Amino acid sequence: MTKIPRHLILGLSCLAVVAGCDVNSALERLSEARQVSSDLQIQFTTAADSANKAVMADTDDASMAFAADADAAKAEVLRSVDALRSLLQGLRYTEETQSLERFATQFAAYSALDRRVLDLAVENSNVKAQRLSFGPAFEAADAYRDSLEAIAASVQGREMWHGRALVATAIGAVREIQAWHAPHIAEPSDATMGRIDRRVRQAETTARAALASLDSVIGPASTPRLAEARAALDRFMTLTNQVIELSRRNTDVRSLALSLTEKGKLTTACQSSLRALRDALAKRGFTGTR
């Protein structure tokens, strides 16, 4: 038997040790890459969920809190992408690197659109319009009605039915305006909102004309009540104009529409790239080959 030189044995042993170290190092980096990939999926899902909650929140504080959560999660996503990119390049995993870069490109587009959505969501213009309509505007309309009903009860003689008809017309016109608040707030179309605006102005004209006609019907004792009704109508219309202005900004409707359409497509694309990355890493073996 040929005797193997001692120095060759030592050399082969060193190579075996080095090879073993390389394998262990590769396994450690592969394990770490899988963990970072899993973290990346969780972080992206958290960002998307938080952004959706910001859109659906019904208070400014809640919207801003969820928007902050979404921004924090997106920052974590970027850190994980950088860490995973370094790991994959070190492992020379071409397919996984391509999936990660595809996700990074998609995520950049997602983040830009998400910023628009969140900026709209935290403004909450439609929610604010709704609160104004159901709160102060509702109270002003009721005060207007109460003043006019007191006038109707005071009109006597041959003008009684005329006076009551004018009161009914004046109250009905304001109730019509109130009924247009909700459709205006929910409407995404500028053209349709414009048609509602015209109906509101027509009803306001009817209400003011009825109040003017009441001047010739009521007695001096009801004059203060008519002044109260006019003041309540002015207050109601000021609030109605604010409702319309907030409604036309349509930030809640626009943010929801973007979330359900353009952003939904980007979210699906990002998730698909992350799944491809995860599946590719799961197939890697001890040697880094398939």
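Just so you know, these numbers come straight off a predicted model, no measurement behind them.

Caption draft 1: Highlighting unusual backbone geometry. We note that Arg 92 has phi near 60°; this positive angle belongs to a residue other than glycine. Its place among the elements puts Arg 92 in the loop between α2 (60-91) and α3 (94-123). Residue class for Arg 92 comes out exposed when judged on its relative accessible area of 74%. Even without being glycine, Asn 250 reaches a positive phi, approximately 55°.

Caption draft 2: Molecular detail of the nonpolar core. Among the nonpolar cores identified, the biggest contains 38 residues, and Tyr 144, Leu 148, Val 174, Leu 211, Leu 214, Leu 233 and Phe 236 are the most heavily contacted of them. Contributing elements (two or more residues each) for this core: α4 (125-154), α5 (160-186), α6 (190-214) and α7 (223-249). At ten residues, α7 tops the list of elements feeding residues into this core. If you look at the next biggest cluster of nonpolar residues, it comprises 22 residues, including Leu 40, Leu 84, Phe 107 and Tyr 110.

Caption draft 3: Spatial organisation of the side chain of His 181. Among the secondary structure elements, His 181 is positioned in helix α5. Looking at His 181, the relative accessible area reads 4%, which means it is buried. Once you skip the residues sitting within four places of it in the chain, His 181 turns out to touch Ser 133, Ala 137, Phe 236, Thr 240 and Val 243.

What counts and what doesn't
Residues numbered from 1 in each chain as written. Predicted model: local features only at pLDDT ≥ 70, side-chain atom pairs only at ≥ 80, totals over all residues. Heavy atoms only, no water. Helix = DSSP H or I, 4+ residues; strand = E, 2+ residues; numbered from the N terminus. Buried < 20%, exposed > 50% of the residue type's maximum accessible area, 1.4 Å probe, protein only. Core = buried A, V, L, I, M, F, W, Y, C linked by side-chain atoms within 4.5 Å. Contact = heavy atoms within 4.5 Å.

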